[in-house]
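# Report on the structure
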Amino acid sequence: MAGRGRGQRHRRITAFAAKSLGDVVELLLPEVGAWVEAGESCGRIESLTASSGLYAPASGRVLEVNTALADDPGVVNAAPYTGGWLFRLRVENIAGALSADAYAAHCAHTRGDRR
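Residues numbered from 1 in each chain as written. Predicted model: local features only at pLDDT ≥ 70, side-chain atom pairs only at ≥ 80, totals over all residues. Heavy atoms only, no water.

## So, the sheet that holds strand β1 (residues 7–11)
Here is the rule: Any two strands with at least two DSSP-identified bridges between them are counted as paired. Counting from the N terminus, the helices are the DSSP runs of H or I reaching at least four residues and the strands are the DSSP runs of E reaching at least two.
Judged by pairing direction, the sheet is antiparallel, and its four strands sit side by side in the order β1-β7-β6-β3 without closing on themselves. The sheet is open, and its two edges are formed by β1 and β3 (35–36), each paired on a single side.

## Here's the deal with the environment of Val76
In plain terms, the rule: Should any heavy atoms of two residues lie within 4.5 Å, those residues are counted as being in contact.
In this fold, Val76 is placed in helix α2 (residues 75–78). Each C-alpha atom, one on Val76 and one on Ala18, is 6.8 Å from the other, the two residues being 58 residues apart in sequence. Residue contacts for Val76: discarding those within four places in its chain leaves Ile13, Ala18, Val24, Leu27, Leu69, Gly84 and Leu86.

## Overview of the confidence of the model for the chain
Selection criterion: A score between 0 and 100, pLDDT records how confident the predictor is in each residue.
Taken residue by residue, the chain gives an average pLDDT of 83. The fraction at 70 or more is 77%. Within the chain, helix α3 (residues 100–111) has the poorest average pLDDT of any element, 64, and strand β2 (residues 24–28) the best, 96. Here residues 1–5 scores under 50 on pLDDT; set against residues more than four positions off or in separate chains, the count is 18 contacts.

## Points about the pattern of salt bridges
Stated precisely, the cut-off is as follows: Within this document, salt bridges are pairs made up of a side-chain nitrogen of Lys or Arg and a carboxyl oxygen of Asp or Glu, the two lying within 4 Å of each other. With a 1.4 Å probe rolled over the protein chains alone, any residue whose accessible area is under 20% of its type maximum counts as buried; one over 50% counts as exposed, and the rest are partly exposed.
Applying the stated rule across the entire model yields three salt bridges. With a closest N to O distance of 3.7 Å, Glu46 and Arg44 form a salt bridge. With relative accessibility at 32%, the residue Arg44 sits in the partly exposed group.

## Re the side chain of Ser59
Rules: Counted as a polar contact is a pair of N or O atoms within 3.5 Å, where, for protein atoms, one must be capable of donating a hydrogen and the other of accepting one, and residues adjacent in sequence contribute only when both atoms are in side chains.
Relative to the assigned elements, Ser59 resides in strand β6 (residues 59–65). Residue classification places Ser59 among the buried residues on the basis of a relative accessible area of 3%. A polar atom in the side chain of Ser59 sits 3.1 Å from the side chain of Glu37. Looking at Ser59, its side chain comes within polar contact range of the main-chain nitrogen of Ala38, at 2.9 Å. Beyond its immediate sequence surroundings of up to four residues, Ser59 is in contact with Trp35, Val36, Glu37, Ala38, Arg90, Val91, Glu92 and Asn93.

In C-alpha cells:
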C-alpha cells in the first residue's frame, strides 16, 4: 500500500506479487463505499496460472476503484506502482500492516533466499 498512517492511500500489489502471479486477466475489486477490514479478503486477482485473494492492508472505506482495469487488467503487471493501482482507501487503522523490512523478508523467504 502506498504510504503509511491515516489518510487516503492507493492500494496496489507490488512488482514482486505481480511477477509471481503471472499475467493478470481479471480482477474482482471492492465496491466504492465498502468498508474493508485489515487482513480480510476484499477481492480476487485472476491470472493465467493462479487465482489469488486480495486482502486489505488496512481498515477503511473504499473511495475509488480503478475502473480502467476492467478493460485492461494487464496494467497491474505492466505498471503496478502507477496505472495498475487497484483502489483508493481512506485508511482508519493500519494495525497488522507489514513494514517494508517485513515484506522484504517475506519476499526473500518466498523466493527461497537464505539471507
